[in-house]
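# Examining the three-dimensional arrangement
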Amino acid sequence: MADNNDVLARRVEEACLNGWPALKTIWLDGWLLRFSHGHTKRANSISLLWPGTRQPREQIRSAEAFYTHHGLPTIFRLSSVSAQDIGSALDEAGYGPGEDETCVLYRDFAAARPQGNGSAALVRPGLDDIWFEAHARLQKFSAAAAANARALFGAVAVPTGYAVSLAGDGRPASLAFGAVYDGIVCLNAVVTDPEFRRQGHAYGAINALLAWAQDEQGAKGACLPVVAGNDIGRSLYRSLAFSTEVSRYSYRRKVAWSPSSVAQDA
């Protein structure tokens, strides 16, 4: 029987997959293949959700054929909660070392209940033009990347919240996005305008989103991914009581592919 930590890690994994979905998916004998025109690695990679019946080498070749069909590199997202260890098979198939090691952090609302902080932060349940245009501008998206990003936000099937913290002149200073599944709000797309950094705007946007998830969606906890080497981000999330690391993941891709083939993760 799985212990409580394993159960939580798998619940969080599901919340993350549902909170940042793909535009197209294929199930391949326990592996989830995701395709989203190259917008973020999470939405264009393979997650190993349960052990399959085929040999890993055969399975890898089958997965590669699908990604070639979509004009994308084959990227494996290997998590500490993955159902299989296929590291040696990926070595033999010519995959590079792990990259973008990411921590998945969790906050239990029973231990740290979200509270409204009186900041100029708003949360709306739907994606509007003001929020998205600010997101695309701050992320410096091309027109094609913006179109793919908007489609991906539109693909989220669970309840969503879009938070914005406003500067004194009314401009969007910081943004955050959350999606609620199984009592967990998964946070993504946290970004702050460089002009307004270190003024508490990211803290305000995230805190408002957590309070919305708790008060309006009945969430009991929150999770988010953060790159392990992002010290500034991790410091912010510690201040917001994301104190439990439930899992880690990294990506492996064919050495022949350029990292620019897929946009950085959101």
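Heads up: the structure comes first, above all this text.
My aim in this report is to walk through the structure given alongside it, one point at a time. All values derive from a computational prediction rather than experimental measurement. One numbering rule holds for all chains: residues counted from 1, following each sequence as written. Where totals are concerned, whole chains, interfaces and linings use all residues; where local detail is concerned, this predicted model gives features only for residues with pLDDT of at least 70, and gives and counts side-chain atom pairs only at 80 or more. The side-chain figures draw on all heavy atoms in the structure; neither hydrogens nor water molecules are used.

### Comments concerning helix α6 (residues 201–217)
For the record, the criterion: Numbering of helices and strands starts at the N terminus; helices are DSSP runs of H or I of at least 4 residues and strands are runs of E of at least 2. What a helix should span is 1.5 Å times the count of its residues minus one. Burial classes follow relative accessibility: with a 1.4 Å probe on protein chains only, a residue under 20% of its type's maximum area counts as buried, one over 50% as exposed, and anything between as partly exposed.
Taking 1.5 Å of rise per residue, 17 residues should cover 24 Å, and α6 covers 23 Å from first to last C-alpha, within 8% of that figure. In terms of residue burial, α6 counts as a mostly covered element, since 13 of its 17 residues are buried. Downstream of α6 by a residue or two, G218 has a phi angle that is positive, lying close to 70°.

### Some details on the packing of aromatic side chains
Condition: The pairing test for Phe, Tyr and Trp rings, Trp by its six-membered ring, is centres within 6.5 Å, and the orientation test on the planes gives stacked under 30 degrees, edge-to-face over 60, and tilted for anything in between. Here, a charge over a ring means that NZ of Lys or CZ of Arg falls within 6 Å of the ring centre while also lying within 35 degrees of the ring normal.
In this structure the tally under the stated criterion is 14 aromatic pairs. Relative to F153, the ring of W20 lies with its centre 5.5 Å away and its plane at 90°, an arrangement referred to as edge-to-face. Of this pair, W20 sits in the loop between α1 (4–19) and β1 (24–28) while F153 sits in helix α5 (residues 143–154), and the two are 133 residues apart along the sequence. On the basis of relative accessible area, W20 is assigned to the buried category, the value being 2%. In this structure F153 comes out as buried when scored by relative accessible area, which is 4%. Relative to F242, the ring of Y237 has its centre 6.2 Å away and its plane inclined at 75°; by these criteria the two rings are edge-to-face. Judged by its relative accessible area of 9%, Y237 is buried. On the basis of relative accessible area, F242 is assigned to the buried category, the value being 2%. Taken together, the ring pairs connect W20, W131, F132, F153, Y162 and F177 into an aromatic cluster. Lying across the ring of Y251, K41 places its NZ or CZ 5.3 Å from the centre. One Lys or Arg, R77, reaches over the ring of Y249 and ends 4.2 Å from the middle of that ring.

### A closer look at α1
Spanning 16 residues, α1 covers 22 Å between terminal C-alpha atoms, matching the ideal 22 Å at 1.5 Å per step. Among the residues of α1, those classed as buried are L8, A9, V12, E13, A15, C16, L17 and G19.

### Digging into the sheet that holds strand β2 (residues 31–35)
The strands that make up a sheet are held in pairs by hydrogen bonds between backbone atoms, and each pair lies either parallel or antiparallel. For clarity, the cut-off: A pair of strands counts as paired when DSSP detects no fewer than two bridges linking them. Between the N-to-C directions of two axes lies an angle of 0 to 180 degrees, each axis being a line fitted to C-alpha atoms and, for a helix, fitted only over the stretch in contact. For this analysis, residues touch if any pair of their heavy atoms sits within 4.5 Å.
Here eleven strands make up an open sheet; going across it, the order is β1-β2-β3-β4-β11-β5-β10-β9-β8-β7-β6 and the pairing mixed. Each edge of the sheet is formed by a strand with only one pairing partner; in this case those strands are β1 and β6 (121–124). With direction set aside, neighbouring strand axes in the sheet form an average angle of 25°. Relative to strand β3 (residues 46–48), β2 runs antiparallel, the two being bridged by three bridges. Among the inter-strand pairings, L32 is bridged to a residue of β3, identified as S47. Sitting on the sheet, helix α2 (residues 56–69) is in contact with β1, β2, β3 and β4 (75–79), with an inclination near 20° to β2.

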